[in-house]
Amino acid sequence: MTDDLRDLARTSNAWPFAEARAVAKRVGGRVPDKGHVLFETGYGPSGLPHIGTFGEVARTTMVRHAFEVLTGLPTRLIAFSDDMDGLRKVPDNIPNKEMMAEHLGRPLTSVPDPFGTHESFGHHNNARLRSFLDHFGFDYTFQSATESYRGGAFDAVLLRLLDSYDAVMKVMLPTLGEERRATYAPFLPLCPRTGRVLQVPLLETRPADGTVVYADPETGGTVETPVTGGHCKLQWKPDWAMRWTALGVDYEMSGKDLIDSVKQSSKICRILGGTPPEGVSYELFLDQNGEKISKSRGNGLTMEEWLAYAPPESLALFMYVKPRTAKRLYFDVIPKTVDDYLAHLETYPSQPPSKRLDNPVWHVHGGEPPHETVHLSFNILLNLASVCHSEDRAVLWHYIGRYAPGASPQTAPTLDRLVGYAINYYRDFVKPAKTYRAPSEAEAAALGDLAATLESLPDGTPAVDIQTQVYEVGKRHPDTFADLKDWFKALYQVLLGQDQGPRMGSFIALYGRAETVDLIRRAMAGEDLSA
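Structure report, in brief. (Residues numbered from 1 in each chain as written. Predicted model: local features only at pLDDT ≥ 70, side-chain atom pairs only at ≥ 80, totals over all residues. Heavy atoms only, no water.)

## Here we look at the pattern of salt bridges
Link 1 in the chain: The full count for this structure, using the stated rule, is 27 salt bridges.
Link 2 in the chain: In this structure, the salt-bridge partner of Lys 34 is Asp 250, at a minimum N-O distance of 2.9 Å. Of this pair, Lys 34 sits in the loop between helix H2 (15–27) and strand E1 (37–43) while Asp 250 is found in the loop between helix H10 (236–247) and strand E9 (254–255), placing the two residues 216 residues apart along the sequence.
Link 3 in the chain: Residue classification places Lys 34 among the partly exposed residues on the basis of a relative accessible area of 31%.
Link 4 in the chain: For Lys 431, the salt bridge is made with Glu 391, and the minimal N-O distance between the two is 3.5 Å. Here Lys 431 is found in helix H19 (residues 413–433), whereas its partner Glu 391 is found in the loop between helix H17 (378–388) and helix H18 (393–403), with 40 residues between them in sequence.
Link 5 in the chain: Look at Lys 431 and you get partly exposed, because its relative accessible area is 44%. (Salt bridge = Lys/Arg side-chain N within 4 Å of Asp/Glu carboxyl O. Helix = DSSP H or I, 4+ residues; strand = E, 2+ residues; numbered from the N terminus. Buried < 20%, exposed > 50% of the residue type's maximum accessible area, 1.4 Å probe, protein only.)

Here you go:
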């Protein structure tokens, strides 16, 4: 890492560098005793990885890379799976539900895999998590709660928590309702008879013996069990604090809905002799109506849906931008986000080094954005597919190759990927919503003027000059279009069957002047342009 780059990192306004500077201050510029600076992201394996999983790991990876550039210190990212949690309910999207119902309350890694492919349901979902992270190329170390508890990695801190039981209870009890306070205990014993995780009040704690005593909820008999070796697990807030302390976590971000939980876990972490990690509280996603996205309700946009219509780099950009601001996550944001990504990618090579570190694509691509002249915006490709009424890549490439000689699927692979995404988006969202209208008599006169103007332009007229001529035509018809926005809206509605559209100069240059004139003549003649 060059000293110049490190100097730029110290003053960069990009939020990952601000977070990285906080972590650097925490560790004091030295390698911790554990041999690395530890970043962590957590995962509840009762379900499959989702868009929130991607966002948390992607953002944490951005901060981690910024920290490495800033300090040069070794780092590690742990993807931690809370797979010792008890199965609370049977998911709707799995086979063998009746069999699963027999194992409610047991740790996820003790519940048989309903798919029959892995040792347990927890192992199945952990494998899906690792496959998910590997697919996106994340650099991480997987760690299982079950293995950590049973293997003794948490024993020393569990005994410390038992010694500090009363202090931990003073943190937790004020946060609970009256009924919950009567039964709450940080330790959750695993029943030796049933293997279930028990939420039972403790009759006694025995720090000298490293055990707790509780009443079996079914037999009523008194049971003494060690808190170590996987015989107990912790309620999740004490568990979070214990994990931070045992592993020495230096950075972990979490959603805004967990702000109070972070405060409580931080207090417990300090009681245990640890230092709570640095981290940002990010805002949650909203749907198109401004309501919080819920997996159970199915509102909003899933990761699989996004990736069907846009490249993963665009999703990473969406996660990068303003993490502390609530953002609406629905289909209409995809084209703009893709074009924002392309715009950042296009400006990157010409930026001075001081500005490159503030460019989102530097963080999206780990400091090495790809270099390719993309030629066209995603919005233009959508409108090309729209006016061609085609889902054939070859048809779109016919126009692209003419507009940008030398560009081909082989020489412009990024553009070729965008063509495929544009076709998918056009097929599923643009095409079903298209509604053409006939021009009014006054609008038809302006369209005729535009057709004649385009025919008069010399071959090779650049898009910017075509755009100027489109403006001039609109200005020549002030009685029809007092506001030029109405002129362009009319073009979009009449020629493209939609209320919004691309820069007409760029679109005409791509589609072709002769083809555009023909389209205008057909509209003026009253032909059905949707055919």
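## Quick look at the packing of aromatic side chains
Link 1 in the chain: Evaluation of the coordinates by the stated rule reveals 23 aromatic pairs.
Link 2 in the chain: Ring centres of Trp 15 and Tyr 320 lie 5.9 Å apart, and the angle between their planes is 35 degrees; on these two criteria the pair is classed as tilted. Residue Trp 15 is located in helix H2, and its partner Tyr 320 is located in helix H13 (residues 312–320); the two are separated by 305 residues in the primary sequence.
Link 3 in the chain: Taking relative accessible area as the criterion, Trp 15 reaches 12% and is therefore assigned buried.
Link 4 in the chain: Judged by its relative accessible area of 7%, Tyr 320 falls in the buried class.
Link 5 in the chain: Ring geometry for Phe 39 and Phe 67: centres 5.9 Å apart, planes at 65 degrees, overall edge-to-face. Taken together, the residues span a long stretch of sequence, with Phe 39 in strand E1 and Phe 67 in helix H3 (residues 51–71) at a distance of 28 residues. (Phe/Tyr/Trp six-rings, centres within 6.5 Å; stacked < 30°, edge-to-face > 60°.)

## Examining the nonpolar core
Link 1 in the chain: By size, the foremost hydrophobic cluster in this structure holds 111 residues, and its most contacted members are Phe 54, Phe 67, Trp 306, Ile 400, Val 470, Trp 487 and Leu 491.
Link 2 in the chain: Ranked by residues supplied to this core, first place goes to H3 with 10 residues.
Link 3 in the chain: Excluding anything up to four places from it in sequence, Val 470 contacts Leu 450, Trp 487, Phe 488, Leu 491, Met 504 and Ile 508.
Link 4 in the chain: Judged by nonpolar contacts, the second largest core, of 42 residues, contains Val 171, Leu 176, Leu 188 and Ala 241. (Core = buried A, V, L, I, M, F, W, Y, C linked by side-chain atoms within 4.5 Å. Contact = heavy atoms within 4.5 Å.)

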